[in-house]
Each structure stands twice: as C-alpha cells, then as structure tokens.
Amino acid sequence: MVFWIFGYGSLVWNPGFEYDEKVIGYIKDYKRVFDLACIDHRGTPEHPARTCTLEESEGAICWGAAYCVRGGPEKEKKAMEYLERRECEYDSKTLVDFFKEEDSDDPLLTGVIVFTSTPDKVNNKYYLGPAPLEEMAWQIATAHGPCGNNREYIFKMEKALYDIRHEDDYIIELANEVRKVLDIVSSGIQKENKLAGSPRLPLKTQTSPVKIFSMPEAVVAVAADS
C-alpha cells in the first residue's frame, strides 16, 4: 500500500518520518484555526498550548505539503505509527483531494490522508474552540512544554508558509499579535528588573569619577560633571 499524507502545520517544516516524495499544493474547503490544545509537547495540562487544526470552510483553500510513503508494508507501517503518536491530539483521519495548481478543477491526488479534529468540546478533550485573537495570542506567547514553547510553533509555521510562497493571512495576524504580547511581557520584565536593582545614592552625594584629558603643554585632571 502506498499512501499520501497532507501536512498543514508542523509537518510542513518538520515531517519527522521517512518519505519518498514531497509536493507543495493545497486542499479545498478547509482553513487553519488555532483551536486545538497541546498538553504534552508545547504545553501542559495546566497551561495548554494552542496548535493548528482544520475547520471546514466552503471556498477556502489551505496550502501545505503532501508526502508520499512507499516501499513496502514495514516502511509504511512505521511512518503511520510515528504520525499517529505525533498527532495524538487529532481524533480523526480524513481523506481529501490534493491540488497542485491554483484554481485547478482536477486534483493531482485523491484519497490523501489528513489529520483533523472534531470540533466538539464534549467528545474531543483536546478541542478548545475559538477565542478572541488577543486571548489566543497571550496563551500562545506564554505556554511551553517538554518540546519547547508555543510561540516558536507559530513563528516556524509563519516562516514555513513564507518559504513555500503561500502565506496565510490568519497565521500572520496571529503571529503579529503574539509579538505584541511578547513586547509587553519584555517591557514588564525590564521595568521589574530596574525596580529591583540596587538603590542609587542621592545625586549630590555621588562621587564623580576622575577623567584625564590630554591638552597642549599639560595634562590636567578634572572631575567629571554628573
């Protein structure tokens, strides 16, 4: 059995399994959303990260990479077992058509596997659902887990889509909002560090260092002005 897998998140820049062919293209009627929790890679159960999943959206297209695995049952089994462990938060495997050229009516491939998640908080414990952009940005900016932090995930996704020349406006907007949060956090830390520093002496009692200036005919030592 030969199978194709479509990657739209971290699989775009880091497939992590042995494959035989990679094709850049897109699927139709799906869009990326950051509505899925990650509690064991870039987040924790107490502070889950937000990762990418797909949401059905008529007329939308989602660019990514399709990977072909062929070479015998053992190789294919090994690749699928790896993917199922890695994509454990996704509770469904969907078969989709894959297109190579923009606005094409005929798919290059059919029956391509894509990992998706059921948008149901009751039956899917990993589904967080949508949230305001600013709220998601704070969650992404501050979450981290055993495999790294959440912000690295969205920044790598932004770059990966840029590298394949098919940027996603939603990803760009969310990534920029995360950058705003990081600026706020960084400014707050700098302010706290200043307040926690050693107290300064009153200006009039500070001892000024002595500077030596070279002048024609003489060397004169003068106290530096504060």
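Predicted, not measured: the structure shown is a model, and the values here were computed from it. (Residues numbered from 1 in each chain as written. Predicted model: local features only at pLDDT ≥ 70, side-chain atom pairs only at ≥ 80, totals over all residues. Heavy atoms only, no water.)

Colleague: So what about the overall build of the chain? Which residues, and what values?
Modeller: The helix and strand inventory of the chain stands at four helices and nine strands. Helices (α) and strands (β) of the chain occur, in sequence order from the N terminus, as β-β-β-α-β-β-α-β-β-α-α-β-β. Expressed as a percentage of its 226 residues, the buried residues of the chain come to 39%. The long-range share in the chain, meaning contacts at least 24 apart out of those at least 6 apart in sequence, stands at 69%. Element-wise, carbon and sulfur atoms account for 51% of the exposed surface of the chain, whose accessible area totals about 13800 Å². (Helix = DSSP H or I, 4+ residues; strand = E, 2+ residues; numbered from the N terminus. Buried < 20%, exposed > 50% of the residue type's maximum accessible area, 1.4 Å probe, protein only. Contact = heavy atoms within 4.5 Å. Areas by Shrake-Rupley, 256 points an atom, 1.4 Å probe, with all protein chains shown as cover.)

Colleague: I'd love a proper account of the side chain of T53, names of residues and values included.
Modeller: Checked against the element boundaries, T53 lands in strand β3 (residues 49–69). Of the polar contacts made by the side chain of T53, one reaches the side chain of S117; its length is 2.7 Å. Beyond its immediate stretch of four places on either side in the chain, T53 contacts Y8, K31, R32, V33, D35, L36, Y90, T116 and S117. (Polar contact = N/O pair within 3.5 Å; in protein donor to acceptor, adjacent residues only side chain to side chain.)

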